[in-house]
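Take a look at the letters that make up each chain.
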Amino acid sequence: MEAKIINDPIWGPIELHPLCIRIIDTPQFQRLRYIKQLGGISLVYPGACHCRFEHSIGTSYLARSLGLELQKNLAMLDEPNKPDITDKEILCLEVAGLCHDLGHGPFSHLFDQLFIPKFKKPGDQKAWEHEDATLNMLNSIFKNITWNDYLEDEDIEFIKNLIKKPDEKEQKKPSLNEKTDEKEQKKHCLYEKTDEKEQKKPSLYEIIANGLNKIDVDKWDYFSRDCHMLGLHHNFQCKRSIKLARVVKHGKEWHISYPKSEYYNLFDMFYTRYTLYRQAYHHPVAKAVEMMITDAFVKANKCLLFPPNKQRYQTCYLKHLSKNTYDFFGRKLEVEICWDCIKNLARVF
């Protein structure tokens with residue numbers, strides 16, 4: 001399979017690696033075409049109809065661009081014990097940027113911030129996050145595509161950590177003893193390698209999701225994309241930041257840094273974020289619409305069903321039909337039931 005070029009309205013022609021093409025062609029990624037980036041905000045701003053699909057591709061492009069720029073600058077740096085960035089690590093960044101939003105539910109953050117908490121049980125300590133579903137979907141994707149011609153097992157673990165760094169309290173490294181089987185030993189080695197990479201190259205973990213200062217390519221893409229689709233003006237230029245980014249030693253660790261001349265551009269980035277929250281994300285009408293959609297989802301929760309759960313279909317809708325009749329109609333009936341669910345949801349809304 002060859003690389004393909006996608007024309008993006010924000011970044012122009014984007015060349016995608018063959019492994020990224022394989023991932024894009026999976027059902028798990030294609031579902032992002034139907035998940036709106038801004039949830040119910042499109043009912044206030046009619047132009048904001050873009051989806052997670054194009055945002056994921058844009059984030060992948062920016063992750064690769066920033067990785068290549070840092071790789072080039074590190075190669076020219078005359079410093080002992082400096083870290084390096086390999087071509088395989090850049091591919092991992094590209095894949096992580098592509099897959100970082102796989103786990104989003106309907107209407108994006110409306111699902112995990114408004115709908116899911118409605119069904120949280122009193123004993124649940126940890127809230128469900130879309131990153132958790134992302135990692136599960138990523139596991140499913142790599143089980144169904146060929147990837148070992150480009151990556152190894154440790155690279156897959158590295159990609160997962162780029163998307164969501166494991167919590168120190170939750171990360172339990174498998175202990176080795178005489179009874180440890182081969183699978184556990186392999187898992188232990190993966191943990192050791194990923195830990196070593198994080199200690200030697202912390203800057204790589206600041207590209208997709210930067211917990212240090214919140215300056216990362218995920219935000220760069222959705223700031224630019226959301227402003228474009230909402231019709232809002234912004235001055236921030238992320239391509240300038242990419243050109244000026246450097247990996248600099250701070251104490252004993254190497255982190256991504258920017259020169260003083262980039263101060264005002266980064267200030268514009270945070271001001272753009274403030275503007276988006278004030279005028280769009282926290283728009284009072286948009287929040288009211290999202291609350292109404294959430295109420296509709298809650299009321300339709302027991303009825304809004306999807307294939308292939310035939311048992312629940314029969315329980316909720318098909319008590320008047322025999323099993324033979326249901327099997328006879330088959331797929332056609334499933335589609336009609338789903339359409340009926342959608343109409344019921346519209347009536348509730």
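All of these numbers come straight from a predicted model, not from anything done at the bench.

The rules behind each value
Residues numbered from 1 in each chain as written. Predicted model: local features only at pLDDT ≥ 70, side-chain atom pairs only at ≥ 80, totals over all residues. Heavy atoms only, no water. Helix = DSSP H or I, 4+ residues; strand = E, 2+ residues; numbered from the N terminus. Buried < 20%, exposed > 50% of the residue type's maximum accessible area, 1.4 Å probe, protein only. Contact = heavy atoms within 4.5 Å. pLDDT = per-residue confidence, 0-100. Salt bridge = Lys/Arg side-chain N within 4 Å of Asp/Glu carboxyl O. Polar contact = N/O pair within 3.5 Å; in protein donor to acceptor, adjacent residues only side chain to side chain. Axes fitted to C-alpha atoms, helices over the stretch in contact; angles between N-to-C directions. Parallel < 35°, antiparallel > 145°, perpendicular 65-115°, else oblique. Left-handed = near helix turned anticlockwise from the far one by under 90°. Nonpolar A, V, L, I, M, F, W, Y, C, P; charged D, E, K, R; others polar. 1 Å grid on protein atoms, 1.4 Å probe; cavity = no way out; pocket = protein on both sides within 12 Å on 5 of 7 lines; lining within 4 Å. Points joined across faces, edges and corners; volume = space filled by probe spheres on them. Phe/Tyr/Trp six-rings, centres within 6.5 Å; stacked < 30°, edge-to-face > 60°. Lys NZ or Arg CZ within 6 Å of the ring centre and 35° of its normal. Core = buried A, V, L, I, M, F, W, Y, C linked by side-chain atoms within 4.5 Å.

1. A look at the overall build of the protein
- A tally of regular secondary structure across the protein gives 14 helices and four strands.
- Considering the protein as a whole, with its 349 residues, one finds that 46% of them fall into the buried category.
- Considering only contacts in the protein between residues 6 or more positions apart, those separated by 24 or more positions represent 69%.

2. Observations concerning the confidence of the model for the protein
- The share of residues in the protein with pLDDT of 70 or more is 78%, and the mean pLDDT across the chain is 83.
- Every residue in residues 317–349 is under pLDDT 50, and counting partners more than four places away or in other chains gives 41 contacts.

3. Comments concerning the pattern of salt bridges
- Going through the model one piece at a time under the given rule, you end up with 16 salt bridges.
- For Lys72, the salt bridge is made with Glu69, and the minimal N-O distance between the two is 3.4 Å. In this pair, Lys72 and Glu69 are both assigned in helix α3 (residues 52–76), three residues apart and thus about one turn of the helix distant.
- We classify Lys72 as partly exposed; its relative accessible area is 43%.
- The exposure class of Glu69 is buried, given its relative accessible area of 9%.
- Ionic pairing is found between Asp221 and Arg225, a salt bridge with its closest N-O pair at 2.9 Å. Linking Asp221 with Arg225, this pair stays in helix α9 (residues 217–230), spanning four residues, or about one helical turn.
- Residue Asp221 is classed as buried on the basis of its relative accessible area, which comes to 0%.

4. A word on the side chain of Ser108
- Topologically, Ser108 is positioned in the loop between α4 (87–99) and α5 (109–115).
- Note on Ser108: relative accessible area 1%, which makes it buried.
- A polar contact of 2.4 Å, which involves the side chain of Ser108, links it to the backbone oxygen of Lys36.
- Setting aside its immediate chain neighbours within four residues, Ser108 contacts Ile35, Lys36, Gln37 and Arg52.

5. Examining the packing of helix α6 (residues 130–144) against helix α7 (residues 153–163)
- Packing of α6 against α7 brings their axes to within 11 Å, and their N-to-C directions diverge by 155 degrees. Overall, the two elements α6 and α7 adopt an arrangement that is roughly antiparallel. At the point where α6 passes α7, the crossing takes the right-handed sense. Contact with α6, carried on its side by Thr134, Leu135, Leu138, Asn139 and Phe142, involves Ile156, Ile159, Lys160 and Ile163 of α7 and no other residues of that element.
- Split into classes, the residues belonging to the contact of α6 with α7 amount to six nonpolar, two polar and one charged.

6. Some remarks on the layout of surface pockets
- Here the largest pocket defines a volume of roughly 1,000 Å³.
- Elements represented by at least two residues in the lining of the largest pocket include exactly α3, α5, α6, α7, α9, α11 (263–281) and α12 (284–299).
- For the lining of the largest pocket, the element with the most residues is α5, which contributes five residues.
- Classifying every residue of the lining of the largest pocket gives 13 nonpolar, 13 polar and 15 charged.

7. A few points about the packing of aromatic side chains
- Within the structure shown, the criterion is met by 14 aromatic pairs.
- Where Trp220 meets Phe236, the ring centres are 6.1 Å apart and the plane angle is 50 degrees; that geometry is what we call tilted. Remark: Phe236 occurs in the loop between α9 and α10 (238–244) and Trp220 occurs in helix α9; sequence separation between them is 16 residues.
- What links up through ring pairs into an aromatic cluster is the set Phe107, Phe111, Phe115, Phe119 and Phe297.
- Positioned above the aromatic ring of Phe53 is the side chain of Arg33, whose terminal nitrogen or guanidinium carbon lies 4.0 Å from the ring centre.

8. What about the nonpolar core?
- Ile23, Phe29, Val95, Ile159, Ile207, Trp220 and Leu230 are the most contacted members of the largest nonpolar core, which has 69 residues in total.
- It is α4 that provides the largest number of residues to this core, a total of eight residues.
- Among residues more than four places away in sequence, those in contact with Val95 are Leu19, Cys20, Ile23, Phe142 and Ile159.
- Core analysis: the second largest hydrophobic core is formed by six residues, Phe115, Val289, Ile293 and Phe297 among them.

9. Comments concerning unusual backbone geometry
- A positive phi angle, near 60 degrees, is found at Asn81, a position not held by glycine.
- By the secondary structure assignment, Asn81 is in the loop between α3 and α4.
- With a relative accessible area of 74%, Asn81 lands in the exposed category.
- The phi dihedral of Ser108 is positive, around 55 degrees, even though this residue is not glycine.

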